Amino acid sequence: KKSGKLTAVKPYGLLAVPRQDAESAKTHGEIYPDVLVESFRAIISALEEKDSYTHGHSIRVAEYAVLIAHEIGLSEVEVREVELSALFHDVGKIGIPDSVLLKPARLTRAEFEIMKSHPVRSARILEKISPLSKLIPGIKYHHERFDGLGYPDGLRAVAIPLESRILAVCTGCEEVQHYGMIDFYKRHRSGMKDPTSRGASGSAMSTMRSPPANQAQ
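Read on for a plain summary of the structure. Along every chain, residues carry numbers that run from 1 in the direction the sequence is written. Reporting of local features is limited, given that this is a predicted model, to residues whose pLDDT is at least 70; pairs of side-chain atoms are given and counted only at 80 or more, and all residues count toward the totals for whole chains, interfaces and linings. To obtain the side-chain values, all non-hydrogen atoms of the structure were included, while hydrogens and water were left out.

A look at the pattern of salt bridges
Inclusion rule: Criterion for a salt bridge: a side-chain nitrogen of Lys or Arg within 4 Å of a carboxyl oxygen of Asp or Glu. Helix and strand definitions here come from DSSP, where helices need a minimum of 4 consecutive H or I residues and strands a minimum of 2 consecutive E residues; each element is numbered from the N-terminal end. Whether a residue is buried, partly exposed or exposed follows from its accessible area with a 1.4 Å probe, protein chains only, as a fraction of its type maximum: under 20%, in between, or over 50%, in that order.
Following the criterion strictly, the structure yields nine salt bridges and no others. Across the pair Glu174 and Arg60 runs a salt bridge whose closest N-O atoms are separated by 2.5 Å. Placement of Glu174 in helix 9 (residues 162-179) and of Arg60 in helix 3 (residues 57-71) is noted, with a sequence separation of 114 residues between them. Judged by relative accessible area, Glu174 falls into the buried class, the value being 1%. A salt bridge links Glu83 to Arg80; the shortest N-O distance between them is 3.0 Å. Of this pair, Glu83 and Arg80 both sit in helix 4 (residues 76-88), three residues apart, which is roughly one turn of the helix. Both residues of the pair, Glu83 and Arg80, count as buried. If you follow the salt bridges from partner to partner, you end up with Glu38, Arg41, Arg80 and Glu83 in one network.

Observations concerning the packing of aromatic side chains
Defined as follows: When the centres of two rings from Phe, Tyr and Trp lie within 6.5 Å, Trp using its six-membered ring, the rings pair. Their planes under 30 degrees apart give stacked, over 60 give edge-to-face, and anything left gives tilted.
In this structure the tally under the stated criterion is one aromatic pair. The interplanar angle of 70° and the centroid separation of 4.9 Å between the aromatic rings of Phe40 and Phe88 together place this pair among those described as edge-to-face. Of this pair, Phe40 sits in helix 2 (residues 34-48) while Phe88 is found in helix 4, placing the two residues 48 residues apart along the sequence. Accessibility expressed as a relative area gives 13% for Phe40, which makes it buried.

Points about helix 4
The condition that has to hold: Helix span, expected: 1.5 Å multiplied by one less than the number of residues in the helix.
Spanning 13 residues, helix 4 covers 19 Å between terminal C-alpha atoms, matching the ideal 18 Å at 1.5 Å per step. Here helix 4 lies mainly inside the structure; 12 of its 13 residues are buried.

Examining the nonpolar core
Cut-off, in case you're wondering: Put simply, buried Ala, Val, Leu, Ile, Met, Phe, Trp, Tyr and Cys residues joined by side-chain atoms within 4.5 Å make one nonpolar core. Note on contacts: a residue pair qualifies if any of its non-hydrogen atoms lie within 4.5 Å across the two residues.
Formed by 32 residues in total, the largest nonpolar core has its most connected members in Leu74, Leu84, Leu87, Phe88, Leu126, Leu132 and Ile166. Excluding residues within four positions of it along the chain, Phe88 makes contact with Phe40, Ile44, Ser122, Leu126, Leu132 and Ile139. Within the second largest apolar cluster, six residues are counted, among which are Ile96, Leu107, Phe112 and Met115.

Points about the state of the cysteines
Filter applied, for reference: To count as a disulfide, a pair of cysteine sulfur atoms needs to be within 2.5 Å.
Going through the model one piece at a time under the given rule, you end up with zero disulfides. Residue Cys170 stays outside any disulfide, its sulfur separated by 6.2 Å from that of Cys173, the closest cysteine. The exposure class assigned to Cys173 is partly exposed, which follows from its relative accessible area of 31%.

Rendered as structure tokens:
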């Protein structure tokens, strides 16, 4: 169904929302040159080296995100923006104290509140890079949940940006692939019961179990 410039994408459940077709004549390579993206990849990889638990996480999430973005019919420019959002979604963790970020034991409630600040920290970093400012909503809200119990703003259903939902799904898939289903289940099961668990986002699992967007509005 078309209405003006809005075109409904294919009904891929929680990812099915209207989007605006990109009408720019520029290619993704002209807007976001490959050398720039490769530089971002190198920087993000270096930032993640201090945490062996998440090293390489953002790059792997970006690879999954690109696949999904292509599958649901986003334009090449939009696909590149989803890729960049995935690369930068955890960059705010650079502002999380190592005593919290690298703590092997269960976080206290106060520490977990600090950890939960990383999406907003990521958004603040991107605010200082004007060409990347349009990535901010997708990054800021990637820990929101369809049931409204996520953070930072408790958004629910299709109020959560499409890019954020893509990132949440890809984060869950990456964790299962990289750490294994048993480890993933143990960490997120613990997290959903006790928010002080180090792996306690629960966001990806909740989002992946969400109803189709046209039933959740």
